[in-house]
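# Survey of secondary and tertiary structure
In case you want the letters, here they are:
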Amino acid sequence: MDYKSSGVDIEAGYRSVELMKQYVKTTMRPEVMGGIGGFSGAFSLEKIKGMEKPVLLSGTDGVGTKIKLAFLLDRHDTIGIDCVAMCVNDVACAGGEPLFFLDYIACGRNEPEKIAAIVKGVAEGCVQSGAALVGGETAEHPGLMPEDEYDLAGFAVGVVDEKDLITGKDLKPGDVLIGMASSGVHSNGFSLVRKVFEMTKESLDTYYEELGATLGETLLAPTRIYVKALKAVREAGVRVKACSHITGGGFYENIPRMLIDGTHAVVKKDSYPVPPIFGLLAKKGNVEEKIMYNTYNMGLGMIVAVDPADVDRTMAAMKEAGDTPYVVGHIKAGEKGVTLC
């Protein structure tokens, strides 16, 4: 008897590493020390010495049950982008620059080509956010997970000068809320999605006129990464006063997290186009509007608050970075919370 007969194929692990190396190399930054395959990832902090008070930021997350769609469609090259996005967007939301990323893949059986496809997506997310993929782990769990399934999680570390931290402390009535368009459902609320739509390959391959794509293509669209847009705003000389990454919990849970006591956010629902997937989801599942806004991003993946005098510069910087911004509301005096009108 050997390890392979118990369900763990070490040779497959070696092949996975070889296949993924080409993708990992695309994420390298000058600060990365050493090659791929060491026991830890080394990252030089030489460049942050110029900061007055450097602060490390971190974020960790997974993809949730969206991963079930990747199984059904046998498409694994974008789910890694979602994993990176969920982590680096949180780091950027605090004003930070993501420095490096690590991933963790747990699988029932190591299929090297599939693992490499997952890491290809992780690497693409790292390229989009400017983070280096400095390490990771692929763990084979025979008997614990079905052979053809896996789970994916990640961890990002970033840095910001303390004076540039986005904390909301300077937020005041009259400040303007600008939202950046999402790419769709992103990576939250898929347990409800999977209750509303039949989760079969036939159902996911169904083309919807209002979506302009199949249901599967629309739902599997990777989470938008906003790192470059927020960096462009900062480089334009704009002070972002507060920022909210619209993830699980939608508007009602996430927007109040950007506020300070005595401030209240007002968001106008008709100030931007809501992607048709949300209308289809609400109609098919008979989901009431408040639940939709309390579960999904409803078309806005990131919301920032800026001074009214900075609106034009903020919008221009976001557009230059490739994002689509909308003025969606304002801050008023009142109890911490959000009103949708």
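Here goes a summary of the coordinates provided. Values in this document were obtained by computation on a predicted structure and should not be read as measured data.

Turning our eyes to something else, we now look at the overall build of the chain. Across its full length, the chain carries 12 helices and 14 strands. Rg of the C-alpha trace for the chain: 21 Å, near the compact-globule value of 20 Å for 341 residues, within the 12% margin. By principal-axis analysis of the C-alpha atoms, the chain measures approximately 70 × 55 × 30 Å. Within the span of the chain, comprising 341 residues, buried residues form 52% of the whole. Within the chain, residue pairs in contact and separated by at least 24 positions form 86% of the contacts whose partners lie at least 6 positions apart. A total of about 15600 Å² of accessible surface is found on the chain, and carbon and sulfur atoms cover 52% of it. Within the chain, the 46 negative side-chain charges are centred at a point lying 4 Å from the centre of the 36 positive side-chain charges.

The next subject is the layout of surface pockets. Its volume calculated, the second largest pocket comes out at about 300 Å³. Considering the residues around the second largest pocket, the lining is formed by 16 residues, among which Cys93, Cys243, Ser244, His245 and Arg257 are closest to the centre. Contributing elements (two or more residues each) for the lining of the second largest pocket: helix 3 (79–93) and strand 10 (242–245). Looking at the lining of the second largest pocket element by element, the count peaks at 4 residues for strand 10. Grouping the constituent residues of the lining of the second largest pocket by class yields 7 nonpolar, 6 polar and 3 charged.

Across the interface, helix 3 lies against helix 4 (residues 112–129) with an axial gap of 6 Å and an inter-helix angle of 40°. In terms of axis orientation, helix 3 runs oblique to helix 4. When you trace helix 3 past helix 4, the crossing you get is right-handed. On helix 4, the residues that touch Ile79, Gly80, Ile81, Val84 and Val88 of helix 3 are Ile118, Gly121, Val122, Glu124, Gly125, Cys126, Gln128 and Ser129.

Positive phi outside glycine occurs at His186, with the angle close to 60°. Relative to the helices and strands, His186 is located in the loop between strand 7 (176–181) and helix 5 (190–196). Positive phi values are uncommon outside glycine, yet Asn286 reaches one of about 50°. Inspection of the secondary structure assignment puts Asn286 in the loop between helix 10 (276–285) and helix 11 (289–293).

This part is about the nonpolar core. Counting residues in each nonpolar core, the largest one holds 94 residues, and the members touching the most others are Ile79, Phe101, Tyr150, Leu177, Leu219, Phe251 and Ile255. Counting residues per element, this core draws most heavily on helix 3, at 10 residues. Those residues in contact with Ile255, other than ones at most four positions away along the chain, are Ser244, Ile246, Gly250, Ala265, Val267, Ile303 and Val338. With 9 residues, the next largest nonpolar core counts Val32, Ile48, Leu99 and Val159 among its residues.

Rules behind the numbers
Residues numbered from 1 in each chain as written. Predicted model: local features only at pLDDT ≥ 70, side-chain atom pairs only at ≥ 80, totals over all residues. Heavy atoms only, no water. Helix = DSSP H or I, 4+ residues; strand = E, 2+ residues; numbered from the N terminus. Rg over C-alpha atoms; globule rule 2.2 N^0.38 Å. Buried < 20%, exposed > 50% of the residue type's maximum accessible area, 1.4 Å probe, protein only. Contact = heavy atoms within 4.5 Å. Areas by Shrake-Rupley, 256 points an atom, 1.4 Å probe, with all protein chains shown as cover. Lys, Arg positive; Asp, Glu negative; His and termini not counted. Charge placed at Lys NZ, Arg CZ, Asp CG, Glu CD. 1 Å grid on protein atoms, 1.4 Å probe; cavity = no way out; pocket = protein on both sides within 12 Å on 5 of 7 lines; lining within 4 Å. Points joined across faces, edges and corners; volume = space filled by probe spheres on them. Nonpolar A, V, L, I, M, F, W, Y, C, P; charged D, E, K, R; others polar. Axes fitted to C-alpha atoms, helices over the stretch in contact; angles between N-to-C directions. Parallel < 35°, antiparallel > 145°, perpendicular 65-115°, else oblique. Left-handed = near helix turned anticlockwise from the far one by under 90°. Core = buried A, V, L, I, M, F, W, Y, C linked by side-chain atoms within 4.5 Å.

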